[in-house]
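Read off the chains here:
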Amino acid sequence: MRAVRMTAPGVLEQVEVPTPTAGPGEVLLRVGAVGACHSDLHILDAPAGLFPTPITLGHEIAGTVDGVGAGVAGWSPGDRAAVYGIIGCGHCRACLRGLENQCRVVPVGGIGLSRDGGLAEHVVVPASRLLHVGDMDLTQAAPLTDAGLTPYHAVELARERLRPGTTCVVIGIGGLGHMAVQILTATTAVRIVAVDTSVAALDLASRLGAHEVVQAGPDTVEKLRATLGPPPDGADVVLDFVGAQPTLDTARQVIATGGQVLLVGLAGGTLPVRPVADEPPPLPLETSVQVPFWGTRAELQEVIALARGGQLHADVQTFPLEQAPEAYEALRRGDIHGRAVIVP
Ligand code: NAD
Ligand code: ZN
Ligand code: ZN
């Protein structure tokens, strides 16, 4: 079969590999769609040794069951499924509570992270990773598993502060951020302020329910303070889907006293909790900072329910498998709006 693999650090190429077979407890899926996540770019850019090579990337997968291994119950050929990407150890305190995204065995296993993923015609996954999606379009189902699940989990973590009338600043309206705006719209009554460098991303945010948009630049903090009010007022919650130094500096300077910053993006910035000397200013008192990771299987089921109910819709740009490297280059340039989805 055809697969797009990271054959060496930083090298993504299409190769021919044997079609895998499902072992005990596993399912062979025919991949229907796989989302191109910005994390794949971080994986490609990571130093040698952090991720195994060669590996088929792609951790945002939906497909159709093609074969089942020994001992698998509840799944038959033809069933359509979304794939929960984390493979926790199953035994630690977190896994036992269903919080595989907090598994104590690190690094936690993942499809397309520690074993072959979905950028291929077929992928083998543990049957326990599958959730039914019914007759949903698979190019819609795939983005739910990460671009939908990760912001949904972050919103769940902030739920206590996301009261009617509060304000949530969403930074980075890409694959994850455009789903975050819809999740906030569907599940809260907060005022949503979207921030992005790209005008096209801000247009998408407005169409999806953001109440205000701010184009990021040298004056982001001033523009946000003008709409949120100066400190100690500000954003009750900041969801940062970039995580670069400029966005973390923005988050720190616009969060309200007692607010909550959720740092989802992995762009490598730092967020000082206490200032070194007087620069930068400290986080306001009572501020919480969290570093969410992906989500739980139960939350993915809720995300699928939101989508099946018509309240969550990925804005997708599709590419055939052979154009996956071009899709990632476009993502790197900032030329993808919503989610790039590869259809093998
Ligand atoms: P994306 O490329 O689709 O979207 C990023 C968006 O941020 C784009 O719209 C871009 O224009 C905007 N942006 C870039 N720099 C900006 C800046 N300085 N100010 C404002 N906006 C800016 O990426 P994605 O797939 O949505 O992923 C977002 C981040 O989240 C990545 O770092 C990814 O690795 C990370 N991620 C984390 C988790 C987790 O569990 N913590 C899960 C998935 C993805
Ligand atoms: Zn991802
Ligand atoms: Zn565990």
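What comes next is a walk through the structure. The shown structure was predicted, so the numbers you read here are calculated from the model rather than taken from an experiment.

Things to note about the site of ligand 1
Move 1: Around ligand 1 there are 25 residues in total, and His 38, Ser 39, Asp 196, Trp 294 and Arg 339 lie nearest to it.
Move 2: One of the side-chain nitrogen or oxygen atoms of Ser 39 is found 2.7 Å away from an oxygen atom of ligand 1.
Move 3: Pro 292 places a main-chain nitrogen or oxygen 3.1 Å from a nitrogen atom of ligand 1.
Move 4: Secondary-structure elements contributing two or more residues to the shell around ligand 1 are α1 (38-45), α3 (138-158) and α4 (175-187).
Move 5: In terms of residues, the shell around ligand 1 owes the most to one element, α1, which gives 3 residues.
Move 6: Class assignment for the residues of the shell around ligand 1 results in 12 nonpolar, 10 polar and 3 charged.
Move 7: Both of domain 1 (2-135 + 314-343) and domain 2 (149-290) provide at least three residues apiece to the shell around ligand 1.

Considering the nonpolar core
Move 1: Formed by 85 residues in total, the largest nonpolar core has its most connected members in Leu 119, Leu 130, Val 170, Leu 184, Leu 239 and Ile 342.
Move 2: With 10 residues, α3 is the single largest residue contributor to this core.
Move 3: For this core, the two domains that each supply at least three residues are domain 1 (2-135 + 314-343) and domain 2 (149-290).
Move 4: With residues near it in sequence (within four places) discarded, Leu 239 still touches Ala 154, Val 155, Cys 168, Val 169, Val 170, Ile 171, Leu 184 and Leu 262.
Move 5: Formed by 18 residues, the second largest nonpolar core is a distinct cluster that contains Val 214, Leu 224, Leu 228 and Leu 283.

What counts and how
- Within each chain, residues carry numbers counting from 1 in the order of the written sequence.
- The naming scheme follows written order: chains are lettered A onward, ligands numbered 1 onward.
- In view of the model being predicted, local features appear only for residues whose pLDDT reaches at least 70, and side-chain atom pairs are presented and counted only at 80 or more, with totals across whole chains, interfaces and linings using the full set of residues.
- Values reported for side chains reflect all heavy atoms of the structure, with hydrogen atoms and water molecules removed beforehand.
- Whether a residue is near a molecule or strand depends on its heavy atoms: it is near if one of them lies within 4 Å of it.
- Polar contact is defined as a pair of N or O atoms within 3.5 Å, subject to the rule that within protein one atom must be able to donate a hydrogen and the other to accept it, and that residues adjacent in sequence are counted only when both atoms are side-chain atoms.
- Per the convention used, a helix needs a DSSP run of H or I reaching at least four residues, while a strand needs a run of E reaching at least two, with both numbered from the N terminus.
- Under the grouping applied here, Gly and all other residues not named as nonpolar or charged are polar, the nonpolar ones being Ala, Val, Leu, Ile, Met, Phe, Trp, Tyr, Cys and Pro and the charged ones Asp, Glu, Lys and Arg.
- The start and end points of each domain follow an automatic or database-based domain assignment.
- Residues enter a nonpolar core if they are buried and are Ala, Val, Leu, Ile, Met, Phe, Trp, Tyr or Cys, with the set joined through side-chain atoms within 4.5 Å.
- A 1.4 Å probe rolled over the protein chains alone gives each residue an accessible area, and that area as a share of the maximum for its type sets the label: buried under 20%, exposed over 50%, partly exposed in between.
- Contacts are assigned to residue pairs with any non-hydrogen atoms lying within 4.5 Å of each other.

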